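# Chains, contacts and geometry: an overview
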Amino acid sequence: MRIISIRNLSFLLLCIFLTNSSCSKKQTPDISEQDVALKWAKMSLFITQYTPANSPTYASRAFGYIGLTMYESVVNGFESHNSLAGHLNGLNNVPTPENGKSYDWVLSLNAAQAAILKNVYMQTSDENKLSIDSLERVIYDQFKMNHNDKETVERSIAYGKSVADAIFEWSKTDGGHRGYLYNFDKSLVHPNRPGSWKPPLFAQSFSHLPLHPHWGENRTFLKQNTGLTTPQIIPYDTLPGSPYYNEFLEVYEKDQILTQAEKEAAIWWGDDPDVSFTPPGHSYYIATLAVEKEQPSLIKAAETYAKVSLSVADAFINCWKWKYHFFSERPNTFIPKYIDQEWESFWPDPPFPCFPSGHAIQAAAAAVALEDVYGDNVGFIDRAHEGRERDEVRETDFVIRSFDSFWEAAQETADSRFYGGIHTAQDNIVGLEEGSKIAQNVIALNWKKIQ
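Calculation criteria
Chains are numbered independently. Their residues run from 1 in the order of the written sequence. Owing to the predicted nature of the model, reporting of local features is limited to residues with pLDDT of at least 70; listing and counting of side-chain atom pairs is limited to 80 or more, with chain, interface and lining totals taken over all residues. As a rule here, side-chain values cover all heavy atoms of the structure and leave hydrogens and water aside. Comment: elements are numbered from the N terminus, with helices defined as DSSP H or I runs of at least four residues and strands as E runs of at least two. Accessible surface is estimated by sampling points in the Shrake-Rupley manner with a 1.4 Å probe; for residues, cover comes only from the protein chains shown. Neither His nor the chain ends is counted toward charge; the positive residues are Lys and Arg and the negative residues Asp and Glu. By convention, charge coordinates are those of NZ in Lys, CZ in Arg, CG in Asp, or CD in Glu. Two aromatic rings, drawn from Phe, Tyr or Trp (for Trp, its six-membered ring), form a pair once their centres lie within 6.5 Å of each other, and the interplanar angle then sorts them: stacked below 30 degrees, edge-to-face above 60, tilted otherwise. We call a residue buried when its accessible area falls under 20% of the maximum for its residue type, exposed when it is over 50%, and partly exposed in between, using a 1.4 Å probe and counting protein chains only. Any Lys NZ or Arg CZ that is within 6 Å of a ring centre and within 35 degrees of that ring's normal is treated as a charge sitting over the ring. Axes, fitted as lines to C-alpha atoms, cover a helix only where it is in contact. Angles between the N-to-C directions of the axes lie from 0 to 180 degrees. Roughly parallel here means an angle under 35 degrees, roughly antiparallel means over 145, roughly perpendicular means 65 to 115, and every remaining angle is called oblique. Note on contacts: a residue pair qualifies if any of its non-hydrogen atoms lie within 4.5 Å across the two residues. Only Asp, Glu, Lys and Arg are considered charged, only Ala, Val, Leu, Ile, Met, Phe, Trp, Tyr, Cys and Pro nonpolar, and every remaining residue, Gly among them, polar. Joining through side-chain atoms within 4.5 Å is the link that ties buried Ala, Val, Leu, Ile, Met, Phe, Trp, Tyr and Cys residues into a set, and such a set is a nonpolar core.

The next point concerns the overall build of the chain. Looking only at helices and strands, one finds 14 helices and two strands in the chain. Here the C-alpha coordinates of the chain stretch approximately 75 × 45 × 45 Å along the principal axes. With an accessible surface of roughly 18900 Å², the chain has 50% of that area assigned to carbon and sulfur atoms. Each charge class in the chain was averaged separately, 40 positive and 56 negative side chains, and the resulting centres sit 7 Å apart.

Written out as structure tokens, the structure is:
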């Protein structure tokens, strides 16, 4: 965890989050509506990365509520879109605006994002909470000047906070509230059957307990994503030439011929929660790249973050449900025992069972959601880890990625786990397929009014 002093943090906030490059107090920042959505997305990524004891599972949940809150805090100001109240799993009521009253929807979004971020990450540092307050104030100071009547400003802020509060209260009943307090269950009895997951010697985490074994029991955001059909897994078999054996042999053989480009992909998508904004954060980051490039309306930007975050959150719940249903082993268990006892994967094992791939399922969910909003041929450059120090252990640099579509990035995300030696091909294939299905259910919600 990096430690940032309050003085350095204040400078960081002023220089990163204000539109002007200068930090002079005499200059008034010129922030557009799109900038407001972007700044809050970037703040969410910042808080996710710099909050201790975070995990991909908990981060996926946090982004789900953050993205949904952004959408619900503005949707009633646009005749083109519908609220998701009554269409999500148990979210029956969200506050509505007063009839005949005026609102500033940017101020509503601003207040709502500050409130939900501090609630879902209540464990974050006081310095990080000051970051949230500072951004909220910068946006408030500019947009309040658009109004001569104090009532509109106060009404808009109160409304945004009421939406965030309602969604946060709903979040407390999903099974994942304050999930960082129980990342590992010491009482969990591991299945002891052939092919079951074992704590790795070459591990990404210090823990020999699997992460969030009950996450799959959490309430999904969509009823449609509850009770999905359990995917099929190749039956366990140690016989050379069997389909199961060949899955791991393929991983082993690939490791022997990894190119430098494949090594770069493997470390780029690692997104270790100890040093990054986690895999679901990477998907939220790609959504931010799309918003920056396309400069959509405020409601479309909010729709972007909501669709991506809901898709990713439900993808993680289902992925973890299936991971602990099968409790399947990783290559670092099978290959040393049946193929090469000296073998070690290029990338260290994460602390949870293998099938299906979490990277693949969430990346596919995000890509399908983004394609629904912007189409399937949007190119972008991923600079998420630009400037990170070279990985000396693996003798590989962090090289920025360029993609012609969201799906191309999802495919590389999945492939990176195969290059890293921690997932077989079937883990990724199934992950991509299931993530796509989950996102299609999100897309099918009644987002827009019939014109």
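Once that is clear, we can look at the packing of aromatic side chains. Applying the stated criterion across every chain yields a total of 28 aromatic pairs. A ring pair is formed by Trp 197 and Phe 327, whose centres lie 5.9 Å apart and whose planes are at 90°; its orientation type is edge-to-face. With a gap of 130 residues between them, Trp 197 in the loop between helix H6 (150–171) and helix H7 (243–256) and Phe 327 in the loop between helix H10 (298–326) and helix H11 (331–338) connect regions that are remote in the sequence. Exposure remark for Phe 327: the relative accessible area of 2% places this residue in the buried category. Through pairs of rings, three or more aromatic residues link up here, namely Tyr 236, Tyr 244, Tyr 245, Phe 248, Phe 334 and Tyr 338. A cation over a ring is seen here: Lys 323 above Trp 320, with NZ or CZ 5.4 Å from the ring centre.

Below, the discussion takes up the environment of Ile 31. On the secondary structure map, Ile 31 appears in the loop between helix H1 (6–17) and helix H2 (33–49). A residue is classified by how much of its surface remains accessible, and Ile 31, at 3% relative accessible area, is buried. Separated by 193 residues in sequence, Ile 31 and Gln 224 place their C-alpha atoms 38 Å apart.

This paragraph deals with the packing of H2 against helix H4 (residues 105–120). Look at H2 against H4: their axes get within 10 Å of each other, and the N-to-C directions meet at 5°. Taken together, the axis directions place H2 and H4 in an arrangement best described as roughly parallel. On H4, the residues touching Glu 33, Val 36, Trp 40, Met 43, Ser 44 and Ile 47 of H2 are Val 106, Leu 109, Asn 110, Gln 113, Ala 114 and Leu 117. Looking at the contact of H2 with H4, its residues break down into eight nonpolar, three polar and one charged.

Turning our eyes to something else, we now look at the nonpolar core. Trp 40, Leu 68, Tyr 305 and Phe 406 are the most contacted members of the largest nonpolar core, which totals 128 residues. By residue number, the principal contributor to this core is H10, which donates 17 residues. The residues touching Phe 406, leaving out its near neighbours within four places in the chain, are Ile 286, Ala 290, Ala 367, Leu 370, Glu 371, Tyr 374, Gly 375, Val 378 and Phe 380.

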